[in-house]
Amino acid sequence: MTNVATVAGGCRSDEEDEVRRRELLTGVVVAGATAVVGTGPAAAAPVDLDVALFRLPQAEPMPLPRLVAQIAAARRDYCAAQYARLGQTLPGLIAAATATRDVSTGRAREEADLALARSYVLAAELATKQHCDAAWVAADRALEAARCSGIPVAVGEASRQLAIAMRRSGRSTAAVHLLTREAEDLDASRDHTGAVRTTLLLTGAYSAATGRDRSTALSLLEEAEQETGRHPAVPGLFTVEATRTQVDAYRISVLNALGTPDEAVTVANRLNIGRMATAERRARAWTDVARMWNALGNGKQTFAALRRVEREAPQEVRRPALRALTAGLLYGPTRIEGIREFAARTGALAG
């Protein structure tokens with residue numbers, strides 16, 4: 001029978017083991033690219049994650065360094081908004097991570113569980129982009145693997161994805177409770193776990209805002225902003241980084257969700273989106289600016305922001321939510337030069 005090592009309290013006390021874990025965790029993000037399992041062309045048809053997660057391809061175990069490097073490459077695809085290529089890659093990557101975990105024991109199994117959790121987190125993020133119910137499945141599997149790994153960073157990242165799935169199903173209050181509970185369990189004094197905590201607080205603020213709980217939303221946002229002042233940024237650790245710029249981007253999202261987009265204008269004016277580290281985050285920030293202007297009835301500014309989204313990440317403007325926003329401009333009362341061509345190019349033009 002396979003012997004699986006356990007970790008009391010989610011974190012080893014031995015300093016050397018902790019360093020090893022940190023190296024593995026960072027390696028998931030920054031390791032050099034190698035050949036990626038199942039990589040398909042960027043223009044390939046989107047993968048149906050609802051099917052793919054229940055019918056994973058056959059895969060053989062692989063050495064952990066190679067698996068970590070492939071997850072790093074997949075995460076770079078997500079951060080670069082290369083969603084079609086990521087969708088082609090993920091099923092094989094998850095299958096390989098599962099096979100590797102299943103034949104591993106002791107500490108190696110914990111490290112394989114971390115790799116599996118990170119691959120499922122990416123699947124949850126992609127499913128959320130696609131408005132796909134598979135986000136629930138991927139997030140739940142990510143959290144199970146993360147808890148087996150015993151690594152707080154992985155648990156926080158997976159919990160965040162599960163909370164997003166809860167929020168999108170209308171369970172905003174439950175999502176906030178999950179996020180704040182997980183945040184309380186993290187050591188805020190350390191850079192890595194402190195950054196995870198900040199990310200959970202930001203997602204909690206937006207979740208509260210979608211439930212129109214203004215007091216909780218603004219309180220969590222303020223706490224997250226204070227946390228960014230206590231720790232240096234941890235680059236490359238998350239798809240969402242714990243920085244003051246990211247806090248401002250979330251503030252726009254929160255104020256939009258609360259129905260007070262006018263309060264977000266001054267935030268948008270000071271936000272330096274170019275400072276954000278990845279194309280996916282820059283595109284998301286411009287999306288929030290577009291939603292702000294749309295809520296304020298300014299179609300031309302909305303379109304200008306959508307064009308900035310396209311400039312940062314062409315695949316982002318083809319997402320269902322942004323196609324709907326584009327269609328609203330196209331068929332709205334204001335004549336906007338260039339909107340029909342943009343709608344045709346991004347798949348928002350009906351017929």
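First, a word on scope: everything that follows refers to the structure included in this document. (Residues numbered from 1 in each chain as written. Predicted model: local features only at pLDDT ≥ 70, side-chain atom pairs only at ≥ 80, totals over all residues. Heavy atoms only, no water.)

Turning next to the overall build of the protein chain. On a plain count of helices and strands, the protein chain comes out with 16 helices and zero strands. Among the 351 residues that make up the protein chain, the fraction classed as buried is 56%. Counted over contacts in the protein chain with a minimum sequence separation of 6, partners at least 24 positions apart contribute 70%. Per element, the accessible surface of the protein chain, about 15200 Å² overall, is 49% carbon and sulfur. (Helix = DSSP H or I, 4+ residues; strand = E, 2+ residues; numbered from the N terminus. Buried < 20%, exposed > 50% of the residue type's maximum accessible area, 1.4 Å probe, protein only. Contact = heavy atoms within 4.5 Å. Areas by Shrake-Rupley, 256 points an atom, 1.4 Å probe, with all protein chains shown as cover.)

On to the packing of helix H3 (residues 64-79) against helix H4 (residues 83-102). At a minimum axis separation of 10 Å, H3 and H4 run at an interaxial angle of 155°. As summarised for this structure, H3 and H4 are arranged roughly antiparallel, according to the angle between their axes. Crossing hand, H3 versus H4: left-handed. Together, Leu-64, Leu-67, Gln-70, Ile-71, Ala-74, Asp-77 and Tyr-78 of H3 and Tyr-83, Arg-85, Leu-86, Leu-93, Ala-96, Ala-97 and Thr-100 of H4 make up the contact between the two elements. (Axes fitted to C-alpha atoms, helices over the stretch in contact; angles between N-to-C directions. Parallel < 35°, antiparallel > 145°, perpendicular 65-115°, else oblique. Left-handed = near helix turned anticlockwise from the far one by under 90°.)

Below, the discussion takes up the nonpolar core. Counting 108 residues, the largest nonpolar core has Leu-67, Ile-252, Val-254, Val-289 and Met-292 as the members making the most contacts within it. Here this core gets 12 residues from one element, more than from any other, and that element is helix H5 (residues 106-129). (Core = buried A, V, L, I, M, F, W, Y, C linked by side-chain atoms within 4.5 Å.)

Among the secondary structure elements, Gln-161 is positioned in helix H7 (residues 152-168). You can call Gln-161 buried: its relative accessible area is 3%. Those residues in contact with Gln-161 that sit more than four places away from it in its chain are Val-121, Ala-124, Glu-125, Thr-128 and Ala-139.

Turning next to the packing of aromatic side chains. Evaluated as defined, the whole model comprises two aromatic pairs. Measuring from centroid to centroid gives 5.9 Å for Tyr-78 and Tyr-83, while their planes differ by 55°, and the two rings are tilted. A residue is classified by how much of its surface remains accessible, and Tyr-83, at 6% relative accessible area, is buried. Where Phe-303 meets Phe-342, the ring centres are 5.3 Å apart and the plane angle is 80°; that geometry is what we call edge-to-face. (Phe/Tyr/Trp six-rings, centres within 6.5 Å; stacked < 30°, edge-to-face > 60°.)

When you line up the elements, Glu-280 lands in helix H13 (residues 279-295). Taking relative accessible area as the criterion, Glu-280 reaches 1% and is therefore assigned buried. One polar contact links Glu-280 to Lys-129, side chain to side chain, over a distance of 2.8 Å. Ignoring anything within four residues of it in the chain, the contact list for Glu-280 reads Tyr-78, Cys-79, Tyr-83, Lys-129 and Thr-239. (Polar contact = N/O pair within 3.5 Å; in protein donor to acceptor, adjacent residues only side chain to side chain.)

Right, let's get into the pattern of salt bridges. Following the criterion strictly, the structure yields 22 salt bridges and no others. Residues Arg-230 and Glu-227 are paired through a salt bridge, measuring 3.1 Å at the closest nitrogen-oxygen approach. Put simply, Lys-129, Glu-280, Arg-281, Glu-316 and Arg-319 are held in one network by salt bridges that share partners. (Salt bridge = Lys/Arg side-chain N within 4 Å of Asp/Glu carboxyl O.)

Here we come to unusual backbone geometry. Even without being a glycine, His-131 presents a positive backbone phi close to 55°. With respect to the helices and strands, the residue His-131 is situated in the loop between H5 and helix H6 (134-149). What makes His-131 partly exposed here is its relative accessible area of 40%. A positive phi is found at Arg-212, a non-glycine position, where the angle reads about 60°.

For H6, with 16 residues, the first-to-last C-alpha span of 23 Å sits near the 22 Å given by 1.5 Å per residue. The set of residues buried in H6 consists of Ala-134, Ala-135, Ala-138, Ala-139, Ala-142, Leu-143, Ala-145, Ala-146 and Ser-149. (Expected span 1.5 Å × (residues − 1).)

Turning next to the packing of helix H8 (residues 172-184) against helix H9 (residues 191-210). At a minimum axis separation of 8 Å, H8 and H9 run at an interaxial angle of 160°. Here H8 is positioned roughly antiparallel relative to H9, judged by the angle of their axes. Crossing of H8 over H9 shows left-handed handedness. Here H8 contributes Ser-172, Ala-175, Val-176, Leu-179, Glu-182 and Ala-183 to the contact with H9, which in turn contributes Arg-197, Leu-200, Leu-201, Thr-203, Gly-204, Ser-207, Ala-208 and Thr-210. Taken together, the residues that form the contact of H8 with H9 break down as seven nonpolar, five polar and two charged. (Nonpolar A, V, L, I, M, F, W, Y, C, P; charged D, E, K, R; others polar.)

Here we take up the environment of Ser-215. Here Ser-215 lies in helix H10 (residues 214-228). Given a relative accessible area of 59%, Ser-215 falls into the exposed group. For the pair Ser-215 and Ala-205, spaced 10 residues apart in the sequence, the C-alpha separation amounts to 9.5 Å.

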